[in-house]
Amino acid sequence: MTTPYPPPPPPPAQGRDRTTLWGVLGIVLGLICCGILGIIFGYLSIRDARRYGQSPLLGYLAVVFGVINIIGGAILRATGNYPFWNND
């Protein structure tokens, strides 16, 4: 006796999947310069990952690096060791 094949999986959601783009932008900006932009791009990556059924790991990393950048910058400013301030 033959059993029927299962139905095919549903097609992926329509639109452009920018999960990786947002995640990489968030990580780079969160590490190098702008913690707030890292958090924003991380959120966008997480949102797109949920929408398209992908891993949200890059988004989570971008958010974490953005928060670390903000906290690290605040600590450096509070101690007076921030490298871009002229303390003359």
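Computed from a predicted model, the values in this text were never measured in an experiment.

Engineer: Which residues make up the pattern of salt bridges, and what values go with them?
Structural biologist: Scanning all chains against the criterion turns up two salt bridges. Arg51 serves as the salt-bridge partner of Asp48, at 3.7 Å between the closest nitrogen and oxygen. Here Asp48 and its partner Arg51 are both found in helix H2 (residues 35–52), three residues apart, which amounts to about one turn of the helix. By relative accessible area, Arg51 is classed as partly exposed at 48%. Where salt bridges share partners, they join Arg47, Asp48 and Arg51 into one cluster.

Engineer: Which residues make up a nonpolar patch on the surface, and what values go with them?
Structural biologist: Side chains of Val24, Val28, Leu31 and Ile32 sit close together on the surface and give an oily, nonpolar patch of about 380 Å² of accessible area. You can see Val28 is positioned in helix H1 (residues 19–32). The exposure class assigned to Val28 is partly exposed, which follows from its relative accessible area of 40%.

Engineer: Residues and numbers for the side chain of Thr19, please.
Structural biologist: Inspection of the secondary structure puts Thr19 in helix H1. Non-local contacts of Thr19, meaning those with residues more than four positions away in its chain, are made with Ser45, Asp48, Ala49, Tyr52, Gln54 and Ser55.

Engineer: Tell me about H1, and please be specific about residues and values.
Structural biologist: Its 14 residues give H1 an end-to-end C-alpha distance of 20 Å, which sits within 8% of 20 Å, the value for a rise of 1.5 Å per residue. Looking only at H1, the buried set comprises Thr19, Trp22, Gly23, Gly26, Ile27 and Gly30. Down the axis of H1, the sector holding all buried residues measures 130°, keeping them to one side. Elements that come into contact with the buried residues of H1 comprise H2 and helix H3 (57–79).

The rules we used
Residues numbered from 1 in each chain as written. Predicted model: local features only at pLDDT ≥ 70, side-chain atom pairs only at ≥ 80, totals over all residues. Heavy atoms only, no water. Salt bridge = Lys/Arg side-chain N within 4 Å of Asp/Glu carboxyl O. Helix = DSSP H or I, 4+ residues; strand = E, 2+ residues; numbered from the N terminus. Buried < 20%, exposed > 50% of the residue type's maximum accessible area, 1.4 Å probe, protein only. Patch = residues over 30% accessible without salt bridge, like charges linked within 9 Å, V, L, I, M, F, W, Y side chains within 5 Å. Areas by Shrake-Rupley, 256 points an atom, 1.4 Å probe, with all protein chains shown as cover. Contact = heavy atoms within 4.5 Å. Expected span 1.5 Å × (residues − 1). Arc of directions from axis to C-beta.

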